[in-house]
Amino acid sequence: MSSFYDYSVPTPKGEALSMENYRGKVVLVVNTATGCGFTPQYKDIEAMYEKYHDKGFEVLDIPCNQFMGQTPGTDEEIHEFCTLKYKTQFPQMKKSDVNGENELPLYTFLKSQQGFKGFGKGPKALAMSAMLKKIDKDYKNNPNIKWNFTKFLVNRKGEVIARFEPMEDLNKIDALLAENI
């Protein structure tokens, strides 16, 4: 069986960033978008990064344009947007696929460790379910990433301990971080 540390992701410069670099750290892996209703989550993710980074927390930001083309632009433009608008300090990786035949192998692994468990309750969850039923009638029964800002939390041992769908309260991530930092 493979481990989180067996994978790498491409940087905007085309280099491979090994997850081995994150051994012993807590990592939030998130597929992001610059033109999505969830894009303001960058502010809260940056706040968590600032709060926990000195204690061994890292954010692995992987821009993805697979969901209604909400991440247009080059890797450089994405980085500029994030640093100027949300003052992010964590690096953005190369824009990549998280589903399908060209998905990053890291995402194949993450989805195998934490499958889709639903969107929870509330108006945003209902709206997301209604929209996805039109795209994939069987969306509830596969582990694919459903939308931008799906997050995976990896503990210091490299175990994928949680998956958070885009509309989940980021305070839940913060609480889990506090327990695992």
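Residues numbered from 1 in each chain as written. Predicted model: local features only at pLDDT ≥ 70, side-chain atom pairs only at ≥ 80, totals over all residues. Heavy atoms only, no water.

**Q** Help me understand the overall build of the protein chain in this model?
**A** Broken down by element type, the protein chain carries five helices and six strands. The linear arrangement of helices and strands in the protein chain, starting from the amino end, is β-β-β-α-β-α-α-α-β-β-α. Seen along its three principal axes, the alpha-carbon backbone of the protein chain occupies a region of about 40 × 35 × 30 Å. Long-range contacts, defined here as pairs at least 24 residues apart, represent 69% of the contacts in the protein chain between residues at least 6 apart. (Helix = DSSP H or I, 4+ residues; strand = E, 2+ residues; numbered from the N terminus. Contact = heavy atoms within 4.5 Å.)

**Q** Sorry if this is basic, but what is going on with the side chain of arginine 163 here?
**A** Along the polypeptide, arginine 163 turns up in strand β6 (residues 160–164). Within the structure, the side chain of arginine 163 is placed 2.8 Å from the backbone oxygen of proline 143, a separation counted as a polar contact. Of the polar contacts made by the side chain of arginine 163, one reaches the side chain of glutamate 165; its length is 2.7 Å. Residues contacting arginine 163, with those up to four places away along its chain left out, are Lys111, Gln114, Gly115, Phe116, Pro143, Asn144, Ile145, Lys146, Thr150, Lys151, Phe152 and Glu168. (Polar contact = N/O pair within 3.5 Å; in protein donor to acceptor, adjacent residues only side chain to side chain.)

**Q** Hey, could you run me through the pairing of strand β4 (residues 57–63) in this one?
**A** In regular strands, side chains alternate between the two faces of the sheet. A large share of β4 lies buried, amounting to seven of its seven residues. What you see with β4 is no split at all: Phe57, Val59, Asp61 and Pro63 on one side and Glu58, Leu60 and Ile62 on the other are buried throughout. Taken together, the seven bridges between strand β3 (residues 26–32) and β4 define a ladder with parallel strand orientation. What sits directly across from asparagine 31, in β4, is isoleucine 62. After leaving β3, the chain enters helix α1 (residues 41–52) and then returns to the sheet as β4, a path that is right-handed. (Buried < 20%, exposed > 50% of the residue type's maximum accessible area, 1.4 Å probe, protein only. Pairing = 2+ DSSP bridges. Right-handed = clockwise from strand over helix to strand, strands pointing away.)

**Q** Mind showing me how you'd approach the packing of aromatic side chains here?
**A** Ring pairs (aromatic) are described by centroid distance and by the angle formed between their planes. Enumeration according to the criterion identifies 13 aromatic pairs in this entry. Ring plane angle 75° and centroid distance 5.6 Å describe the contact between phenylalanine 4 and tyrosine 5, whose orientation is recorded as edge-to-face. For the pair shown, phenylalanine 4 and tyrosine 5 are each scored as buried. Through a chain of ring-to-ring contacts, the aromatic side chains of Tyr42, Tyr49, Phe81, Tyr86, Phe90 and Phe149 assemble into a single cluster. When the ring centre of tyrosine 5 is taken as origin, the NZ or CZ atom of arginine 23, which lies over that ring, is 4.1 Å away. The side chain of lysine 146 reaches across the aromatic face of phenylalanine 116, ending 4.7 Å from its centre. (Phe/Tyr/Trp six-rings, centres within 6.5 Å; stacked < 30°, edge-to-face > 60°. Lys NZ or Arg CZ within 6 Å of the ring centre and 35° of its normal.)

**Q** Even after reading the chapter, I still don't get the side chain of threonine 11, so can you show me in this structure?
**A** Tracing the sequence through the fold places threonine 11 in the loop between β1 (8–10) and β2 (16–18). According to the relative accessible area criterion, threonine 11 is buried, its value standing at 14%. The contacts of threonine 11, once residues within four sequence positions are left out, are Leu17, Met93 and Lys94.

**Q** Hey, could you run me through the nonpolar core in this one?
**A** Generally speaking, nonpolar side chains in soluble globular proteins are found buried as a group. Counting residues in each nonpolar core, the largest one holds 57 residues, and the members touching the most others are Phe4, Val29, Leu60, Leu106 and Leu110. With residues near it in sequence (within four places) discarded, leucine 110 still touches Phe4, Val29, Phe152, Val154 and Val160. (Core = buried A, V, L, I, M, F, W, Y, C linked by side-chain atoms within 4.5 Å.)

**Q** Any chance you could explain the pattern of salt bridges here in plain terms?
**A** Opposite charge on two side chains permits pairing when their charged atoms draw close. Enumeration over the complete set of coordinates arrives at seven salt bridges. A salt bridge links glutamate 58 to lysine 25, with the shortest nitrogen-to-oxygen separation between them at 3.6 Å. Residue glutamate 58 is located in strand β4, and its partner lysine 25 is located in the loop between β2 and β3; the two are separated by 33 residues in the primary sequence. Residue classification places lysine 25 among the partly exposed positions, given a relative accessible area of 28%. Across the pair aspartate 174 and lysine 51 runs a salt bridge, and its minimum N-O distance is 3.1 Å. Here the residue aspartate 174 occupies a position in helix α5 (residues 170–180), and lysine 51 occupies one in helix α1, the gap between them amounting to 123 residues. (Salt bridge = Lys/Arg side-chain N within 4 Å of Asp/Glu carboxyl O.)

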